[in-house]
Amino acid sequence: MTTARFLKARDIAPWLEELSTAYTVLAPARHGDTVVFRDFNPANGIDMEHLSATPAKKALLPPCETLFEYKTTKTEEPPYKTAIELHPTLPEGKVLVFGARPCDARAMQIFDRVYDGNQARDPYYTARRNNATIVTLACDHQEETCFCDRVGGSPVDATGSDVLLTPLKAGYVAEALTDKGETLLNSTTFMKADGLKQEALNARHKMLEQVPDRSSFLDMERNLLSLFSDLGFWDKTAQACLSCGACTYLCPTCYCFNITDESHGDSGKRIRTWDNCMSSQFTLEGSGHNPRPTKAHRMRNRIGHKFSYYPQLHDKTLACVGCGRCISNCPVSFDIRNAVACAIQQADAAREHAHD
Ligand code: SF4
Ligand code: SF4
């Protein structure tokens, strides 16, 4: 049986301040006109009302991290050999993500299958993941750009969360879903709230009732594959795109990275940074050949990866959680929902044509 506690809205900041001694706490807060996930600082406040423009993915995959430091030494015998000393820098320390949305927490499981799955295990990612606790806030309203319900999620989905917060008057019912969550709720800040569980459940039902009845984007990996060779379709789809990459950097499920060495004389460090598949240089090879030379190729890859290639590799789970950040932050308002809906229509039309 899950533990339920009540957290008064006014107690959140002092509680997070107390936790900051043991955790790096990330929480949504204002930065100018925008809400972003940032290191908790009581002076910045917390914004529990708006979906943050940035996702919480940096908790597991920082924009820039040092994988190891190295030092090279020329050996005297034989003189043409170089010895290398490596000093790995595995991340340590606990991280608390407070106020993630259900789509953010779900997105972390999309990373898990890639970085901590059966085929490969990234020790840097795994260390962060094991040390991370995710406190998710159920969404009592969907933004116009939200579509989690069309990609297998929901505004009250607890997938990937350690604690689920349900907003009620003057505070939140906090329900522990894992041992990490239980540990977190074991604080005198919380009041016992097993009696409020039903009220929280009712509130979540109301949130679900607000979700519009609309078509799903699940099970469409074949549709997109059938459009793979139709570059005309992708050209039209990508026409307005500026290749700026904002959509990839702000996407909670985009996980591509680049590796570079920064050398200073005989020592240096190997760095991993986020990369962006919408950039023309992403697939540029040393020979000068580029297998994705146009915006059409890159858009096909971005949408194909999320709605076709990833689901085929990972039990039909889409690599889009419907957060809508790529829509609300795109400088030309590219709407991935329209692109996917057009792809479905186009594939259906092509199928009908083939049967005529
Ligand atoms: S944010 Fe918009 S313009 Fe920029 S790369 Fe993405 S789709 Fe293109
Ligand atoms: S593709 Fe867009 S809507 Fe889907 S998870 Fe990424 S940012 Fe969110």
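The structure this text deals with has already been given above.
Note that the structure is predicted; figures quoted are calculated from it, not measured. (Residues numbered from 1 in each chain as written. Chains lettered and ligands numbered in written order. Predicted model: local features only at pLDDT ≥ 70, side-chain atom pairs only at ≥ 80, totals over all residues. Heavy atoms only, no water.)

Peer 1: Before we move on, could you go through the overall build of the chain and cite the residues and values that matter?
Peer 2: Each helix and strand counted, the chain has 11 helices and 12 strands in total. Taking 356 residues into account, the globule formula puts the C-alpha radius of gyration at 21 Å, and the chain, at 23 Å, falls close to it. Once the C-alpha set of the chain is aligned to its principal axes, its extents read approximately 75 × 70 × 40 Å. Across the 356 residues in the chain, those meeting the buried criterion constitute 49%. Restricting the contact set of the chain to residue pairs at least 6 apart, pairs at least 24 apart contribute 70%. (Helix = DSSP H or I, 4+ residues; strand = E, 2+ residues; numbered from the N terminus. Rg over C-alpha atoms; globule rule 2.2 N^0.38 Å. Buried < 20%, exposed > 50% of the residue type's maximum accessible area, 1.4 Å probe, protein only. Contact = heavy atoms within 4.5 Å.)

Peer 1: Tell me about unusual backbone geometry, and name the residues and values.
Peer 2: Residue A170 is not a glycine yet carries a positive backbone phi of 65 degrees. Relative to the helices and strands, A170 resides in the loop between β8 (163–168) and β9 (171–176). At D315, a position not held by glycine, the phi torsion is positive, near 50 degrees. Examined against the element boundaries, D315 turns out to sit in the loop between α9 (295–313) and α10 (325–328).

Peer 1: Tell me about the packing of helix α2 (residues 102–115) against helix α3 (residues 123–130), and name the residues and values.
Peer 2: Each pair of packed helices gets described by two things: the angle between the helix axes and the distance between those axes. Running from N to C, α2 and α3 point in directions that differ by 140 degrees, and their axes come no closer than 10 Å. The pairing of α2 with α3 is recorded here as oblique in orientation. By crossing handedness, the relation of α2 to α3 is classed as left-handed. Here M108, Q109, F111, D112 and Y115 of α2 lie close against α3, whose contacting residues are Y125, T126 and R129. Residues of the contact of α2 with α3, tallied by class, amount to four nonpolar, two polar and two charged. (Axes fitted to C-alpha atoms, helices over the stretch in contact; angles between N-to-C directions. Parallel < 35°, antiparallel > 145°, perpendicular 65-115°, else oblique. Left-handed = near helix turned anticlockwise from the far one by under 90°. Nonpolar A, V, L, I, M, F, W, Y, C, P; charged D, E, K, R; others polar.)

Peer 1: Break down the site of ligand 1 for me, with residues and values.
Peer 2: Around ligand 1, the neighbouring residues are C241, L242, S243, C244, G245, A246, C247, M278, C330, P331, V332 and F334. Residues belonging to the shell around ligand 1 are distributed by class as follows: 10 nonpolar, two polar and no charged. (Near = heavy atom within 4 Å.)

Peer 1: So what's going on with the nonpolar core? Which residues, and what values?
Peer 2: Across soluble globular proteins, you tend to see nonpolar side chains buried next to one another. Membership of the largest hydrophobic core comes to 27 residues, with the highest contact counts inside it found for F217, W234, M299, I303, F307 and I336. Looking at this core, the elements with two or more residues in it are α7 (231–237), α9, α10 and α11 (336–355). Excluding anything up to four places from it in sequence, M299 contacts W234, T237, A238, C241, M278, G304 and F334. A105, M108, Y310 and V321 belong to the second-largest nonpolar core, a separate cluster that totals 26 residues. (Core = buried A, V, L, I, M, F, W, Y, C linked by side-chain atoms within 4.5 Å.)

Peer 1: Explain the site of ligand 2 residue by residue, including any values.
Peer 2: Taken together, F147, C251, P252, R302, K306, C320, V321, G322, C323, G324, C326 and I336 make up the full set of residues adjacent to ligand 2. For the shell around ligand 2, the residue count by class is eight nonpolar, two polar and two charged.

The values reported here are purely geometric and, on their own, carry no functional implication.
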